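Structure at a glance
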Amino acid sequence: MSAAWLKDTVFYEIYPQSFYDTNGDGIGDIKGIIEKLDYIKDLGCNALWINPCFDSPFKDAGYDVRDYKKVADRYGTNEDLYRLFEEAHKKGIRVLLDLVPGHTSEEHEWFRQSQKAEKNEYSDRYIWTTFCFEGAEGFPYVGGESERSATYMLNFFKCQPALNYGFRQVTKHWQLPIHHPAALATREAMKDVMRFWLSHGCDGFRVDMAASLVKNDDEKKSGTSAVWLDIRRMLDLEFPDAAMVAEWSNPPLALRAGYDMDFYLNERGNGYSTLFRDYENHQGEDHSYFKKDAGGNINRFLDQYLQWYQDTKDIGYISLLSCNHDTLRPRYNMDESELKLAYAFLYTLPGVPFLYYGDEIGMRYQNIPTKEGGYFRTGSRTPMQWDRSANLGFSTGCAEDLYLPVDDAEDAPTVASQEADPDSLYHTVKEILALRHSQEDLQADAPFRVICSEPGKPFVYQRGSLLLAVNPDSASKTVKAAFTQNRILYQIGSASCKEGSLTLAGQSFVVLK
Ligand code: GLC
Ligand code: CA
């Protein structure tokens, strides 16, 4: 059973480095998030996911955690974060932290201990072979860096040694089974981290690389799933209101492993990517469904989505997102008129949706050099654009000290400029989210049914008793169907309906009651 509060929740993802800097050092901070809670609430988001804000050498922007229980100095103190929980709760906003359970930084104290030649409590906290010249066959590994004569397995970058949750199939003498005391100790250590933040007021976690824990797992990830089900039991007993969203992108597996939500993430060529980011395989042509006149076919998304939806609608939620810190911003290829329709669709589907900071004002992807292991992702991580003051209102520091440069385009969108323009993307997002909160039929678990997905026609779908339709093309489109809804609750562009026929003008969206 998922936490009841998720029913009417829309998440706002905050990359803390880049949201709002309150002390002029050029880096966003926890106090900055506190100061902007009213902005987030007013936009219509009532929950946050904050990217890792813990002590770290920042070789992967904080996904290399050095101390799970300590806020990184550059963001403030633990007390600041506790206060954020408190202030957010006063405003009806929940807060998820980012849990990175698959690996730590190579500078984590557990790893320092694990590297020692002499056996200790942490020797098996990570995955080591038994000889300095023996590689972790089939897995990325590092040798030559520790006193201990062995090599260790990596989970992602070189700076991220894999924590040891055991192997489902043990094929080498250095691999431990899942129920080995050392593998269980890792699991307990992670529960301890979760308890720490939950008991200080956080509402749950977004879980990084959730499928990566147990190695040599089977196709159904039964080893890793068993770990999560065990952790879920702990949550159900001790923190029944806590929510978890997986970075797994396989809802049938993740939701059966005890998660409340799982992201449908962008992968080249997958269903989700065909909605907004289908520009990589077509010699410069953009075939995204929401790209005007791309002749897109919504079934390329629905084929996978509906299968997952049918399979999981009674056990949890699929989370759709505008973007995240790993993906090119949707403004990279789409203009505001296209984004309005894309978001209208995204935020009226079932499940628990996410909005990445700045996507509500159409922040652009920046072509800039890599920072903290970001590579191409860095361009989606630039400072939030608040207004036309220095550094676009992000920081009072010097431009050279900023975490990343702000968009220097003359027409860079800002919150202030978008607020002043009643036709802006920002206002559309705000209207859609308000509509979602006001209509139970648009919320996470209200029924969803496809009415028309024929190429060349508007896409028509039902949520509870409401009928919705979208037409991303510039030409007007008509669809005939037996429907009874005829009162327009909300529209972008224009729509008209009479006697079983619905016409949407070019680039339009409508909600009918
Ligand atoms: C996840 C994060 C990504 C990070 C990686 C390693 O994919 O979203 O930003 O680099 O895990 O932790
Ligand atoms: Ca700061």
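Note that the structure is a prediction, hence the values are computed from the model and not measured.

A closer look at the overall build of the protein chain
For the protein chain, the helix and strand inventory stands at 12 helices and 20 strands. Scaling as 2.2 N^0.38, a compact globule of 513 residues should have a C-alpha radius of gyration of about 24 Å, and the protein chain matches this with 24 Å. Principal-axis analysis of the C-alpha atoms places the extent of the protein chain at approximately 80 × 50 × 50 Å. For the protein chain, with 513 residues in total, the buried portion stands at 62%. Contacts spanning at least 24 positions in sequence make up 65% of the contacts within the protein chain whose residues lie at least 6 apart. For the protein chain, the exposed surface amounts to about 19500 Å²; the carbon and sulfur share of it is 48%. Distance between charge centres in the protein chain, computed from 55 positive and 75 negative side chains, equals 4 Å.

Thoughts on unusual backbone geometry
The backbone phi angle of N216 is positive, close to 50°, even though this residue is not glycine. Within the secondary structure, N216 sits in the loop between β8 (204-207) and α6 (222-238). On the basis of relative accessibility, which here comes to 26%, the residue N216 falls in the partly exposed class. The phi dihedral of K221 is positive, around 55°, even though this residue is not glycine. Position of K221 among the secondary structure elements: in the loop between β8 and α6. Taking the relative accessible area as the measure of exposure, K221 reaches 25% and is therefore partly exposed.

Considering the coordination of the calcium ion (ligand 2)
Distances from the calcium ion (ligand 2) to its protein donors, D21 (OD), N23 (OD1), D25 (OD), I27 (O) and D29 (OD), fall within 2.3 to 2.4 Å. Each donor residue of the calcium ion (ligand 2) lies on one chain, and together they are spaced D-x1-N-x1-D-x1-I-x1-D. Judged by its relative accessible area of 5%, D29 falls in the buried class.

So, the nonpolar core
Core analysis: the biggest nonpolar cluster contains 145 residues, and Y12, W197, W228 and F509 have the highest contact counts within it. It is helix α10 (residues 336-346) that provides the largest number of residues to this core, a total of seven residues. Taken domain by domain, this core gets at least three of its residues from each of domain 1 (9-98 + 329-340 + 353-446) and domain 2 (447-512). One finds A469, V479, F483 and L504 within the second-largest nonpolar core, a separate group that totals 11 residues.

Concerning helix α9 (residues 299-312)
The end-to-end C-alpha distance of α9, which contains 14 residues, comes to 19 Å, matching closely the 20 Å that a straight helix rising 1.5 Å per residue would cover. Within α9, the axis deviates most sharply at Y305, by approximately 25°. Of the residues making up α9, those classed as buried are F301, L302, Y305, W308, Y309 and T312. Contact partners of the buried residues in α9: α7 (251-256), α8 (273-276), β11 (317-319), α10, β13 (448-452) and β14 (459-463).

Here's the deal with the pairing of strand β1 (residues 11-14)
Judged by which residues are buried, β1 turns out to be covered on both faces: F11 and E13 on one side and Y12 and I14 on the other are all buried. Examined bridge by bridge, β1 and strand β2 (residues 47-50) share four bridges and lie parallel to one another. Counterpart to F11 in the pairing with β2 is A47.

Section: the sheet that holds strand β17 (residues 488-492)
Spatial strand order, β13-β14-β15-β20-β17: five strands in an open sheet with antiparallel pairing. Each of the sheet's edge strands pairs with one partner strand only, and the pair in question is β13 and β17. Averaged over all pairs of adjacent strands, the angle between strand axes in this sheet comes to 15°, irrespective of strand direction. In the sheet, β13 pairs with β14 via four bridges, with the strands oriented antiparallel. Bridge assignment links F448 to a residue of β14, and that residue is R463. Sitting on the sheet, α9 touches β13 and β14, and the angle it makes with β13 is about 145°. Sitting on the sheet, α10 is in contact with β14, β15 (466-471), β17 and β20 (508-512), with an inclination near 30° to β20.

Details of the domain arrangement of the protein chain
When cut into domains, the protein chain gives domain 1 (9-98 + 329-340 + 353-446) and domain 2 (447-512). Contacts between the two partners involve 14 residues from domain 1, matched on the other side by 13 residues from domain 2. Here domain 1 packs against domain 2, burying approximately 1000 Å² in sum over the two surfaces, 59% of which is carbon and sulfur. Sorting the residues of domain 1 by area buried against domain 2 places L435, D441 and A446 first, and these three jointly supply 45% of that buried surface. Counting every contact that joins domain 1 to domain 2 gives zero salt bridges. The tally of links from domain 1 across to domain 2 stands at six residue pairs in polar contact (both at pLDDT 80 or more). Contributing elements (two or more residues each) for the side of domain 1 that touches domain 2: α10 and α12 (425-438). A class-by-class count of the residues in the side of domain 1 that touches domain 2 yields five nonpolar, four polar and five charged.

Examining the pattern of salt bridges
In this structure the tally under the stated criterion is 39 salt bridges. Note that D241 is salt-bridged to R94, the shortest N-O span being 3.8 Å. One end of the pair, D241, is in the loop between α6 and β9 (243-246); the other, R94, is in strand β5 (residues 94-99), and 147 residues separate them in sequence. A salt bridge links D124 to K119; the nearest nitrogen and oxygen atoms lie 3.6 Å apart.

Here we look at the site of ligand 1
If you check the shell around ligand 1, you find 13 residues, and the closest are D60, D208, E247, H325 and D326. With respect to ligand 1, the side chain of E247 contributes an N or O atom lying 2.7 Å from an oxygen atom. Between ligand 1 and R377 there is a distance of 3.0 Å, counted from an oxygen atom to a side-chain nitrogen or oxygen. Alone, ligand 1 offers 310 Å² of accessible surface; in the complex the protein occludes 96% of this. Residues of the shell around ligand 1, tallied by class, amount to three nonpolar, three polar and seven charged.

Calculation rules
- Residues numbered from 1 in each chain as written.
- Chains lettered and ligands numbered in written order.
- Predicted model: local features only at pLDDT ≥ 70, side-chain atom pairs only at ≥ 80, totals over all residues.
- Heavy atoms only, no water.
- Helix = DSSP H or I, 4+ residues; strand = E, 2+ residues; numbered from the N terminus.
- Rg over C-alpha atoms; globule rule 2.2 N^0.38 Å.
- Buried < 20%, exposed > 50% of the residue type's maximum accessible area, 1.4 Å probe, protein only.
- Contact = heavy atoms within 4.5 Å.
- Areas by Shrake-Rupley, 256 points an atom, 1.4 Å probe, with all protein chains shown as cover.
- Lys, Arg positive; Asp, Glu negative; His and termini not counted.
- Charge placed at Lys NZ, Arg CZ, Asp CG, Glu CD.
- Donors = N, O, S within 2.8 Å, 3.2 Å for Na, K, Ca; no water.
- Core = buried A, V, L, I, M, F, W, Y, C linked by side-chain atoms within 4.5 Å.
- Domains from an automatic or database assignment.
- Expected span 1.5 Å × (residues − 1).
- Bend = angle between axes of the 7 residues up to and from the residue.
- Pairing = 2+ DSSP bridges.
- Axes fitted to C-alpha atoms, helices over the stretch in contact; angles between N-to-C directions.
- Buried area = accessible area lost by both parts, 1.4 Å probe.
- Salt bridge = Lys/Arg side-chain N within 4 Å of Asp/Glu carboxyl O.
- Polar contact = N/O pair within 3.5 Å; in protein donor to acceptor, adjacent residues only side chain to side chain.
- Nonpolar A, V, L, I, M, F, W, Y, C, P; charged D, E, K, R; others polar.
- Near = heavy atom within 4 Å.

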